[in-house]
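Coordinate analysis (summary)
Spelled out from the first residue to the last, the chains are:
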Amino acid sequence: MSPSTSLRASPSTRLRASPSARLRARRFEFLIEWALFLCALLSIGTTAGILVVLAVETFAFLREVPITDFLFGTEWTPLFATPRFGVLPLVMGTVLVSAIAMVVALPAGLLSAIYLSEYANPRVRRVIKPVLEILAGVPTVVYGYFALLFVTPVLQRVVPGLAGFNALGPGIVMGIMILPLVSSLSEDAMQGVPRGLREGSFALGATRMQTSLRVVLPAAFSGITAAFILAASRAIGETMIVAIAAGQQPRLTWNPLVPIETMTAYIVQVSLGDTPQGTLEYRTIFAVGMLLFLGTFGLNLVSAWLRGRYREEYA
Amino acid sequence: MTAWRRALDVVFRVLALVVLFLALASLAVLIYDVWRDGAGRLSWQFLTSFPSRRPEEAGIWHALTGSVFVILVTAALAAPIGVAAAIYLEEYGTRSVAARLIEINITNLAAVPSIIYGLLGLGLFVRALAMGRSVLAGASTLALLVLPVIILSTREALRAVPSSIREGSYALGATKWQTIWYQVLPVALPGILTGMILALSRAIGETAPLITIGALTFVAFAPDGLWSPFTVLPIQIFNWVSRPQVEFRTNAAAGILVLLVLLLTMNAAAIWLRDRYQKKLA
């Protein structure tokens, strides 16, 4: 048989499948696409689920506690005989610990990123980046142990009046925990800055430091800001470090040396007890959770928007 | 002037290096601290005993089996759904509005605090679907938690598959699904598995969501089915850290060492897969 006839013969036998078989094949493709789509849709379902679960219990909670009392009250004593439901002490505890974490993580993370992006040679980067990844992958309960039984005792030797449970120790450890996030996202942003900008700066006689701080940093500014905001959101939502090492005393204070309680630690505290469903106490954790969700979700949206903007600049 | 600028540059470089070194050193100090506290407690008896009121008799068998069991169920739930969702977003609906929305949503979900997933699990799985405080409820909660991570990493792996492979398959008359199933997925598999292992290693260290759904802190038996109550290693560690007695804290340190070894094994497997994969594609 000549090659030309065989070429003509094989596709015709293949494609001349019966119409019903082709229809079945097309229906199968259609079904697959829908099944895949439904799996993707589950993520929207997750967000909706979070919102519904939190909203239902929060509304039930707000029917008994006026929203102004909840948002602006300065006393949080839901487990007392005369309960008060002012969430501000929990919010303040959360902000305090997160602020300490950011004070540690921002400068250190940014400097690490500058070193990795602008100074280090590829071989050093290949060694250091996986180690930073490990730092990011350590379970938070381990960091909690570290904060309570190592960092706080060490700090107590230096800082007079530091309580066994406090905001300072867990704040510092939380800073170490989010440092890799700040560093790797900032480094990505700096790597996105075109080489030409650096070369122009070097050509004008600038040193590496001048180039890093005055050319690369401003050019990567929105990306780096996005990294900072995402890190703040992580700090606010972090649970185990503060549940273990910060104490369980909701307190309206900026003093980092005394025990406090964060929103997340409160949810853990209530979850550990056997709280019956439908009680006001059970609903408080959803109301606090709603506040936490809205806060972090807002920060995440801002961060994503900034990242998108920065991508456009150099696209 | 030039000498002054050069000197400043050197100072800055050293400063940045010192900061980076301090960050890495903190990891070393953490591991050393835990090792010093807990290494002496590690023994076969510790691994195979059940919890006890007497710290020197307590062990982690129930928590270790609980962790492994919960993670396996989590993987069974999250892996197929995550890969399917990633395939849809990467290969099918790349331009549709729905796909864009889902994408933004997944990026946001990946940054939602894990304790919020715990509240979702408590309201949805434990109460509404009446699963109780079972392995199934815990694994479902963790599955939702790791899904965004799995979807994001699977998409990366799919994107790394050269389009020539798809085009060659289409040219031979294969349908879209045949192309994905027989050509794209086998090539992307190591990358997908790497992402999966990393996502699960995050889940195995999670404590807060499981405490929130009410996983027990004191269980005197290994889980024996999907409906069994359970505890996991991080919760057992948390339980021991929270006690004032030094002996229990020693137990916590030993538990942490076991957890870290578990994580290290999973990460090593992921890195090994990634290296093999990179060599093959290159």
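One numbering rule holds for all chains: residues counted from 1, following each sequence as written. Starting at A for chains and at 1 for ligands, labels are handed out in the order in which the entities are written. Totals for whole chains, interfaces and linings use every residue, but because this is a predicted model, local features are given only for residues with pLDDT of at least 70 and side-chain atom pairs only at 80 or more, for both listing and counting. Computation of side-chain values covers all heavy atoms of the structure but excludes hydrogens and water.

A few points about the nonpolar core
Using the following cut-off: Take the buried Ala, Val, Leu, Ile, Met, Phe, Trp, Tyr and Cys residues and link them wherever side-chain atoms come within 4.5 Å; each set so joined is a nonpolar core. Remark: exposure states derive from per-residue accessible area (1.4 Å probe, protein chains only) relative to the maximum for the residue type, with buried under 20%, exposed over 50%, and partly exposed in between. Contacts were defined at the residue level, with two residues in contact if any of their heavy atoms lie within 4.5 Å.
In terms of nonpolar packing, the biggest core is built from 184 residues, with Tyr-143 and Met-190 of chain A touching the most fellow members. If we skip the residues at most four places from it in the chain, Met-190 of chain A touches Leu-110, Ala-113, Ile-114, Ser-117, Glu-118, Arg-198, Val-216, Leu-217, Ala-220 and Ile-224 of chain A.

Some thoughts on the interface of chain B and chain A
Our working definition: When two parts are put together, the accessible area they lose, computed with a 1.4 Å probe and summed over both, is reported as buried area. By definition here, a salt bridge exists when the distance from a side-chain nitrogen of Lys or Arg to a carboxyl oxygen of Asp or Glu is within 4 Å. Whenever two N or O atoms come within 3.5 Å, that pair is a polar contact, provided that in protein one can donate a hydrogen and the other can accept it, and provided that, for residues adjacent in sequence, both atoms are side-chain atoms.
Facing 71 residues of chain B, the contacting portion of chain A comprises 76 residues. Here chain B and chain A share an interface that buries about 6600 Å² over both sides, 77% of which is from carbon and sulfur atoms. Together, Phe-12, Leu-20 and Leu-119 of chain B form the three largest contributors to the area buried by chain B at its contact with chain A, with a combined 9%. Here chain B and chain A share zero salt bridges between them. For the interface between chain B and chain A, the tally reads eleven residue pairs in polar contact (both at pLDDT 80 or more).

Description of the packing of aromatic side chains
Geometry of an aromatic ring pair is reported as the spacing of the ring centres plus the angle between the planes. We apply this condition: Only rings of Phe, Tyr and Trp enter the pairing, Trp through its six-membered ring, and a pair is recorded when the two centres are within 6.5 Å. The plane angle decides the type: under 30 degrees is stacked, over 60 is edge-to-face, the rest tilted. In this analysis the charged atom, NZ for Lys or CZ for Arg, is taken to sit over a ring once it is within 6 Å of the ring centre and within 35 degrees of the ring normal.
In total, this model carries 15 aromatic pairs over all chains according to the counting rule given. An angle of 55 degrees between the planes, with centres 6.4 Å apart, marks the rings of Phe-70 of chain A and Trp-76 of chain A as tilted. Residue Phe-70 of chain A is classed as buried on the basis of its relative accessible area of 4%. An aromatic cluster is built from Phe-61, Phe-70, Trp-76, Phe-85 and Tyr-266 of chain A, whose rings are joined through pairwise contacts. Of note, Lys-176 of chain B hangs over the ring of Tyr-92 of chain B, and the distance from its end group to the ring centre comes to 4.9 Å. Between the NZ or CZ atom of Arg-243 of chain B and the centre of the ring of Phe-248 of chain B, over which it lies, the distance is 4.2 Å.

Re the domain arrangement of chain B
Residues and elements named next belong to chain B. To keep things clear, this is the line we draw: Where each domain begins and ends follows an automated or database-derived domain assignment. Think of it as three bins: nonpolar holds Ala, Val, Leu, Ile, Met, Phe, Trp, Tyr, Cys and Pro, charged holds Asp, Glu, Lys and Arg, and polar takes everything else, Gly as well.
In terms of domain boundaries, chain B breaks down into domain 1 (2–41) and domain 2 (46–281). Listed per partner, the contact involves six residues of domain 1 and eleven residues of domain 2. In total, domain 1 and domain 2 occlude about 680 Å² of area from one another, counting both sides; carbon and sulfur atoms represent 73% of this. Per-residue buried area on domain 1 facing domain 2 is highest for Val-34, Asp-37 and Arg-41; these three make up 74% of the total on that side. Linking domain 1 to domain 2 there are zero salt bridges. Our count for the contact surface shared by domain 1 and domain 2 stands at two residue pairs in polar contact (both at pLDDT 80 or more). Its residues placed into classes, the side of domain 1 that touches domain 2 shows three nonpolar, one polar and two charged.

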